[in-house]
Amino acid sequence: MPQYSTPFVPRPRTLPPAGPSRRGLLRAAFGAAALAPLAACSVPGARVHVPTGQAEIARAVSGFWAGRKRSGKLDFVNYTQYIDVDPADQSRHPTLAAFTRESGIEVTYSELIDDSASWFGKIQPEFASGQGIGYDLMVVGGDSYLTKYIQLGYLAPLDHSRLPHFARYGGAAFKNSSFDPGNVYTVPWQSGMTGIGYDPALVGRKITSWQDLLDPRLRGRVGMWNDAVQMGNVALLAVGVDPETSTPADWRKAAAWLRRQRDAGMVRSYSTATYQSSLQRGDLAASLVYSGDVFQANQSGSKLEFVIPDEGGLLWTDNLCIPSTAAHPVDALTYMDYAYRPEVAARISETVQFVCPVPDAQRIVARDAAAATGRRRSVLDALSTSPLVFPTTSDEAKLRHLRVLDEEEEKQWNALFEPIYQA
Amino acid sequence: MERTVRTDLPGLTRRRRRPGASLAPYWLILPGWLWLAAFFITPVIVMVSLSLQTGDFIDGFRQTWHVATYADVVHTYHVQLVRSLLYGAAATVCCALIGYPVAYWIAFRAGRHKSVFLFVLLLPFFVSFVIRTQSWNVVLADHGVLLGPLKDLGLLSDGFHVLATPYAVIGGLTYNFMPFMVLPVYVALERVDPKVIEASTDLYASRTATFTRVVLPLSLPGVFAGVLLTFVPASADYVNAGILGGPSTTMIGNIIQTEYFTNLDYPGAAALSFVLMGALLLAVFTYARTLGTDEVLQAAAR
């Protein structure tokens, strides 16, 4: 059979090369030159001496703050939708505007942080090059990244003599976290709980325990996360261990629990990106959730329940901190203290609806509710009495903290929990 | 055949050149080489170097020529690596099967509205990649606009779902990379001379024969380009698996992301990236060899 396509494309004849050509030699030389830099570039370490003990910390604090003056500017970077907004104009933040009016400090506010990992990946090279990251105040999750920021010397030690409102109004349950004992580098911004969120209509009964996530009736309709920190800590609670004091042997038991859940086909997907909308749509009957998620979903019409399981839930905290390279650290410190006024904390809680680290703000939200009307009133009423925003003492008793991991432990931890959601 | 005199070849005509003019082509290509050196060669060298280092993030990584990292990552993640190539290939085949007729129709049947249809095709892609992908979660929800009515009619069982399955991920990849297939195929088909088709019909070729022996071979360069543009990014994608996937649809892109950002294991991430690059190159060369690159590239050059 004749080929019709070939006559159009005559093949060119090429001469075979005779011996090593000049081009070949040149190529070999380039190859050798290209190998040399392979040996040269390495990534330098960055561990610094972290001050310990009262006296050393005090010296570090006075060393950092000596001679620093207020400059009238503040660059603040935060997670998305994590501060109060003006109901009429989502781009305006009343508490920031009030801060500027009162102190004369101009605030440039941006919401560029999606999650701890990618934010760390983004700013770490800028820290390492010593050029500063262009922000004076940022929010960092209370997880192993916070430990890294501290170990690498990226955070300024806080001068607590200039944080009187934090000392007076900060809730005791939120101070002194295991990630930053004594709040040397951070103060809490907002807290939250990790528990189970579910749709009672789909589940058909009350969920009370982590073991309910192994109920065969929920097969293929449970949402878990692709987040080793939260998954590991939750699974530790599920096997009856307090995460904070857990050992590697406990971690293996916890990983086995998650694997059992996975192998039983319980989990629909491991995704922090989609669990919220999937739960609202009914694709998931139950899922790991943050407390604020359920409150917000129910405000927009869902009928979800949040439960802190009997074995315990997780209390985590996102923190305000000042990069050591900040150009306007005094202004940042001024704002930190401002955020601890109960009125300000109340305004922020009224929008973000996570756990408020200022217990006195509850009073103010209740007062605002009494003064409001219509739908706003019902939202604020719900908020001021919600155990998801202002946990009761019995809830607080059920809450546990995340395990702090050192470098070696973190490797071990990730090697155990990542393969479960990354199969 | 008429013989043309090549005036551009130095051996055939002797024109006087200005001194230094012979360097002109090298000067002209210089920006291209600099670009390649800065944005391809340097990063690749850094990546290879990093992949052979050991250490940890806090104390730094040092060059130790630790080749075993490659064996480790391939051993640990070969399932996800193979899965990525399979998903990428499946998505590419789907793109070709859907995209070719679309490109054909626009090139030959859309008349003077060609640009309108091309624009319509591209319109959704002005919206963010992530948002577009996330929207499929709404469309394909278990009781959503599509599956809900079908389930109510009893056409599908109640437990049926598309989301959180490999089909959803491949579908998402197909959807997201479709223009990269349609556009090159369209360009190739657009260049097919109508006279050639006329000649084919004059020679009593059926419509099928005209397509398989004339149009299809002439459009192969476009398909080749389309396959490259689709297969390579689709295999390395991590957004679709993350948003549409289920418990066992993790792709190698997701693993690299975790290794780099969460585990801060730069050597591991670099080695995986390099293995992925190698696997993709191998797949592409095999494909080019079986299809006969010479012919494809020469047809493209005509």
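Cut-off values and rules
- Residues numbered from 1 in each chain as written.
- Chains lettered and ligands numbered in written order.
- Predicted model: local features only at pLDDT ≥ 70, side-chain atom pairs only at ≥ 80, totals over all residues.
- Helix = DSSP H or I, 4+ residues; strand = E, 2+ residues; numbered from the N terminus.
- Rg over C-alpha atoms; globule rule 2.2 N^0.38 Å.
- Buried ≥ 20, exposed ≤ 12 C-beta atoms within 10 Å, placed from the backbone.
- Contact = placed C-beta atoms within 7 Å.
- Arc of directions from axis to C-beta.
- Nonpolar A, V, L, I, M, F, W, Y, C, P; charged D, E, K, R; others polar.
- Expected span 1.5 Å × (residues − 1).
- Pairing = 2+ DSSP bridges.
- pLDDT = per-residue confidence, 0-100.
- Axes fitted to C-alpha atoms, helices over the stretch in contact; angles between N-to-C directions.
- Parallel < 35°, antiparallel > 145°, perpendicular 65-115°, else oblique.
- Left-handed = near helix turned anticlockwise from the far one by under 90°.
- Domains from an automatic or database assignment.
- Core = buried A, V, L, I, M, F, W, Y, C linked by C-beta atoms within 7 Å.

- Chain A goes by Spermidine/putrescine ABC transporter substrate-binding protein in an unreviewed UniProt entry, where it is assigned to Streptomyces galbus.

## Considering the overall build of chain B
And then number 1: Looking only at helices and strands, chain B features twelve helices and two strands.
And then number 2: Taken from the N to the C terminus, the helices and strands of chain B come in the order α-β-β-α-α-α-α-α-α-α-α-α-α-α.
And then number 3: Over its C-alpha trace chain B gives a radius of gyration of 25 Å, far above what one expects of a compact globule, namely 19 Å for 302 residues.
And then number 4: Reported as C-alpha extents along the three principal axes, the dimensions of chain B are approximately 70 × 65 × 35 Å.
And then number 5: When burial is assessed residue by residue, chain B has 34% of its 302 residues classed as buried.
And then number 6: Counting contacts in chain B only where the partners sit at least 6 residues apart, residues at least 24 apart contribute 70% of the total.

## Some remarks on helix H3 (residues 94-103) of chain A
Residue and element names in this part refer to chain A.
And then number 1: Listing the buried residues of H3 in full gives Thr95, Leu96 and Phe99. Buried positions in H3, seen along its axis, are confined to an arc of 100° and lie on one side of it. In H3, the exposed positions that point more than 90 degrees away from the buried face belong to Ala97 and Arg101.
And then number 2: Of the surrounding elements, those touching the buried residues of H3 are strand E3 (106-113), helix H12 (329-338) and helix H13 (342-352).
And then number 3: Note on H3: the residue one or two positions beyond its end, glycine 104, has a positive phi of about 80°.

## Remarks on the interface of chain B and chain A
And then number 1: Each partner contributes to the interface: chain B provides 40 residues, whereas chain A provides 39 residues.
And then number 2: With six residues, helix H10 (residues 252-262) of chain B is the single largest residue contributor to the side of chain B that touches chain A.
And then number 3: Classifying every residue of the side of chain B that touches chain A gives 16 nonpolar, 17 polar and seven charged.

## Here we look at helix H15 (residues 374-385) of chain A
Residue and element names in this part refer to chain A.
And then number 1: Here H15 contains twelve residues, and its C-alpha end-to-end distance of 17 Å stays within 8% of the 16 Å for a straight helix at 1.5 Å per residue.
And then number 2: Buried within H15 we find Leu380, Leu383 and Ser384. An end-on view of H15 places all buried positions within 90° of arc, on one side of the element. For H15, exposure combined with an orientation more than 90 degrees from the buried face picks out Gly374 and Arg375.
And then number 3: Residues of H15 that are buried in the fold lie against H13 and helix H14 (361-371).

## Some words on the sheet that holds strand E1 (residues 43-44) of chain A
And then number 1: Overall, antiparallel pairing links the three strands, which are arranged E1(A)-E2(B)-E1(B) in an open sheet. Of all the strands in the sheet, the pair left with one neighbour each is E1 of chain A together with strand E1 (53-56) of chain B.
And then number 2: Where E1(A) and strand E2 (residues 60-63) of chain B come together, two bridges link them in antiparallel fashion. The residue bridging Val43(A) from the neighbouring strand is Phe61(B), located in E2(B).

## Side note on the pairing of strand E5 (residues 186-198) of chain A
Residue and element names in this part refer to chain A.
And then number 1: Most of E5 sits inside the fold, with 13 of its 13 residues counted as buried.
And then number 2: Bridge analysis of E5 against strand E10 (residues 313-321) gives eight bridges, and the strand direction is antiparallel. Of the residues in E10, the one forming a bridge with valine 187 is leucine 320.
And then number 3: With five bridges joining them, E5 and strand E8 (residues 286-290) adopt antiparallel strand pairing. For glycine 197, the partnering residue across the bridge sits in E8 and is serine 287.

## Some details on the confidence of the model for chain A
All names here are of chain A.
And then number 1: A residue-level look at chain A finds 90% of positions with pLDDT of 70 or above and a mean pLDDT of 88.
And then number 2: Averaged pLDDT values for the elements of chain A fall to 62 in helix H1 (residues 22-40) and rise to 98 in helix H9 (residues 248-263).
And then number 3: Residue range residues 1-19 is modelled with pLDDT below 50. Its contacts to residues more than four positions away, or to other chains, number six contacts.

## Re the packing of H14(A) against H15(A)
Residue and element names in this part refer to chain A.
And then number 1: With their axes 8 Å apart at the nearest point, H14 and H15 run at an angle of 155° to one another. Here H14 lies roughly antiparallel to H15, going by the angle between them. In this structure, the crossing between H14 and H15 has a hand that is left-handed. Where H14 abuts H15, its residues Gln362, Val365, Ala366, Asp368 and Ala369 lie against Arg377, Leu380, Asp381, Leu383 and Ser384.
And then number 2: Split by residue class, the contact of H14 with H15 holds five nonpolar, two polar and three charged.

## Topic: the domain arrangement of chain A
All names here are of chain A.
And then number 1: Assigned domains of chain A: these are domain 1 (54-192 + 316-370) and domain 2 (194-314 + 400-421).
And then number 2: Taken over C-alpha atoms, the centre of domain 1 sits 28 Å from the centre of domain 2.
And then number 3: Residue classes in the side of domain 1 that touches domain 2 are distributed as five nonpolar, six polar and one charged.

## Brief notes about the pairing of E10(A)
Here is the key point about a regular strand: its side chains alternate between the two faces of the sheet.
Residue and element names in this part refer to chain A.
And then number 1: Across the nine residues of E10, nine count as buried, placing the element largely inside the fold.
And then number 2: Side chains of E10 alternate between two faces, with Gly313, Leu315, Thr317, Asn319 and Cys321 and Leu314, Trp316, Asp318 and Leu320 buried alike.
And then number 3: Pairing of strand E4 (residues 137-141) with E10 involves four bridges; the strand directions are antiparallel. The residue of E10 that forms the bridge with valine 140 is asparagine 319.
And then number 4: Alignment of E10 against strand E11 (residues 399-400), held across two bridges, turns out to be parallel. Bridging from a neighbouring strand, glycine 313 pairs with leucine 399 of E11.

## Structural notes on the confidence of the model for chain B
And then number 1: Summing up the model confidence of chain B, the mean pLDDT is 89 and the portion of residues at 70 or higher is 90%.
And then number 2: Complex prediction metrics read pTM 0.84 and ipTM 0.83.

## Examining unusual backbone geometry
And then number 1: Backbone geometry at Gln353(A) places phi at a positive 60°, although glycine is not the residue there.
And then number 2: Residue position: Gln353(A) is located in the loop between H13 and H14.

## Some thoughts on the environment of Thr334(A)
Residue and element names in this part refer to chain A.
And then number 1: Secondary-structure assignment places threonine 334 in helix H12.
And then number 2: Taking the C-alpha atoms as reference, threonine 334 lies 7.5 Å from arginine 162; in sequence the two are 172 residues apart.
And then number 3: Ignoring sequence-local partners within four residues, the contact set of threonine 334 consists of Arg70, Ser103 and Ile105.

## Section: the nonpolar core
Generally speaking, soluble globular proteins have nonpolar side chains that are buried together.
And then number 1: Core analysis: the largest hydrophobic core is formed by 109 residues, its most contacted members being Leu137(A), Met231(A), Ala235(A), Ala286(A) and Ala345(A).
And then number 2: At eight residues, helix H8 (residues 228-238) of chain A tops the list of elements feeding residues into this core.
And then number 3: Each of domain 1 (54-192 + 316-370) and domain 2 (194-314 + 400-421) of chain A contributes no fewer than three residues to this core.
And then number 4: When near neighbours in sequence (up to four residues on either side) are disregarded, Ala286(A) contacts Ile196(A), Tyr198(A), Val203(A), Ile207(A), Leu213(A), Leu218(A) and Val222(A).
And then number 5: With 52 residues, the next largest nonpolar core counts Leu50(B), Val73(B), Leu140(B) and Ile252(B) among its residues.

## Considering the packing of H8(A) against H9(A)
All names here are of chain A.
And then number 1: Relative orientation of the contacting elements H8 and H9 amounts to 95°, with a least axis distance of 8 Å. With respect to their mutual orientation, H8 and H9 come out roughly perpendicular. On the side of H8, the interface is formed by Met231, Gly232, Ala235, Leu236 and Ala238, while H9 contributes Asp250, Trp251, Ala254, Ala255, Trp257 and Leu258.
And then number 2: Of the residues contributing to the contact of H8 with H9, the split by class is nine nonpolar, one polar and one charged.

## Let's talk about the environment of Ala264(A)
Residues and elements named next belong to chain A.
And then number 1: Position of alanine 264 relative to the elements: it lies in the loop between H9 and strand E7 (267-270).
And then number 2: Here alanine 264 falls in the partly exposed class, since 14 other C-beta atoms lie within 10 Å of it.
And then number 3: Between the C-alpha atom of alanine 264 and that of glycine 53, which follows or precedes it by 211 residues, the distance is 49 Å.
And then number 4: When residues no more than four places from it in sequence are discounted, the contact partners of alanine 264 are Leu214 and Arg219.

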